[in-house]
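What the coordinates show
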Amino acid sequence: MKKIGLFFGSFNPIHIGHLILANYILENSDMDELWFVVSPQNPFKDKKSLLKDHNRLDMVQLAVKNYPNMRASNVEFSLPKPSYTIDTLTYLHEKYPDYSFSLIMGEDNLDSLHKWKNSETLIKNHHIIVYPRVFEGEKKDSEYLQHENISMIKAPVIELSATEIRNMIKDGKNVRPMLPPEVFEYLDGSNFYK
């Protein structure tokens, strides 16, 4: 059975932090592939600063083209909006019955996991890999980390945010070191985020 890790996000834009994390997880787990699932609309996020779906997908495709075990996925583009992780996973299981899917999420998402649609089913039926994040304020250990399907991976903590990168682009600052070269070229020749 092929093991696939699903890294959901708006990737607005994808940056080197995403790639470092994805590569670390691939190299330090039993996963065969990692798919960047480009989300059209996160129910919890503001849509106005979001680039068009196909632009964000293009950037992810450019970013992963030299990584044979990473893929860009547009699976959520054709599913009902807003996208819910449990619905996407149900669809993927039907489409790829021979694959096993794990969810990759930041530690900061554990606190709101109980608010996710069908969160109990999600946790019961899927392995969830949690990577560390920097917390504002006091960090409290989540009771979810005790669950047999949830495991913490000691990935490097990357303090880089897409929001920060968008703001820097808007202010005319150099973001080249923060982006995969192909993504930098893609953005540099556009008016995106300006």
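The following paragraphs examine the structure supplied in this document. Keep in mind the model is a prediction, meaning the values are calculated, not measured.

Another point: the overall build of the protein chain. Of regular secondary structure, the protein chain possesses 6 helices and 6 strands. For the protein chain, the α and β elements follow one another from N to C terminus as β-α-β-α-β-α-β-α-β-β-α-α. Taking 194 residues into account, the globule formula puts the C-alpha radius of gyration at 16 Å, and the protein chain, at 16 Å, falls close to it. Each of the three principal axes of the protein chain carries a C-alpha extent, and together these read 45 × 40 × 30 Å. Counting the 194 residues in the protein chain, one finds 45% classified as buried. A fraction of 70% describes how many contacts in the protein chain between residues 6 or more apart in sequence connect residues 24 or more apart. Accessible area for the protein chain stands at about 10,600 Å²; split by element, carbon and sulfur atoms hold 48% of it. Distance between charge centres in the protein chain, computed from 23 positive and 26 negative side chains, equals 6 Å.

Our next topic: the packing of helix α2 (residues 53-64) against helix α6 (residues 181-188). Taken N-terminus to C-terminus, the directions of α2 and α6 make an angle of 145 degrees; their axes are 7 Å apart at the nearest point. Seen along the crossing, α2 lies across α6 with a hand that is right-handed. Packed against α2, whose contacting residues are Asn55, Asp58, Met59, Leu62 and Ala63, the element α6 presents Glu182, Val183, Tyr186 and Leu187 at the interface.

This part covers unusual backbone geometry. The omega angle of the peptide bond from Asn12 to Pro13 is 5 degrees, so this bond is cis rather than trans. Within the fold, Pro13 resides in the loop between β1 (2-9) and α1 (16-27). Of the consecutive residues Lys81 and Pro82, the connecting peptide bond is found in the cis state with omega at -10 degrees. Within the secondary structure layout, Pro82 lies in the loop between β3 (70-73) and α3 (85-95). A positive phi angle, near 45 degrees, is found at Phe11, a position not held by glycine. Looking at the secondary structure, you find Phe11 in the loop between β1 and α1. With relative accessibility at 4%, the residue Phe11 sits in the buried group. The backbone phi angle of Asn118 is positive, close to 50 degrees, even though this residue is not glycine.

Parameters at a glance
- Residues numbered from 1 in each chain as written.
- Predicted model: local features only at pLDDT ≥ 70, side-chain atom pairs only at ≥ 80, totals over all residues.
- Heavy atoms only, no water.
- Helix = DSSP H or I, 4+ residues; strand = E, 2+ residues; numbered from the N terminus.
- Rg over C-alpha atoms; globule rule 2.2 N^0.38 Å.
- Buried < 20%, exposed > 50% of the residue type's maximum accessible area, 1.4 Å probe, protein only.
- Contact = heavy atoms within 4.5 Å.
- Areas by Shrake-Rupley, 256 points an atom, 1.4 Å probe, with all protein chains shown as cover.
- Lys, Arg positive; Asp, Glu negative; His and termini not counted.
- Charge placed at Lys NZ, Arg CZ, Asp CG, Glu CD.
- Axes fitted to C-alpha atoms, helices over the stretch in contact; angles between N-to-C directions.
- Left-handed = near helix turned anticlockwise from the far one by under 90°.

Any link to function would need more than the numbers given here.
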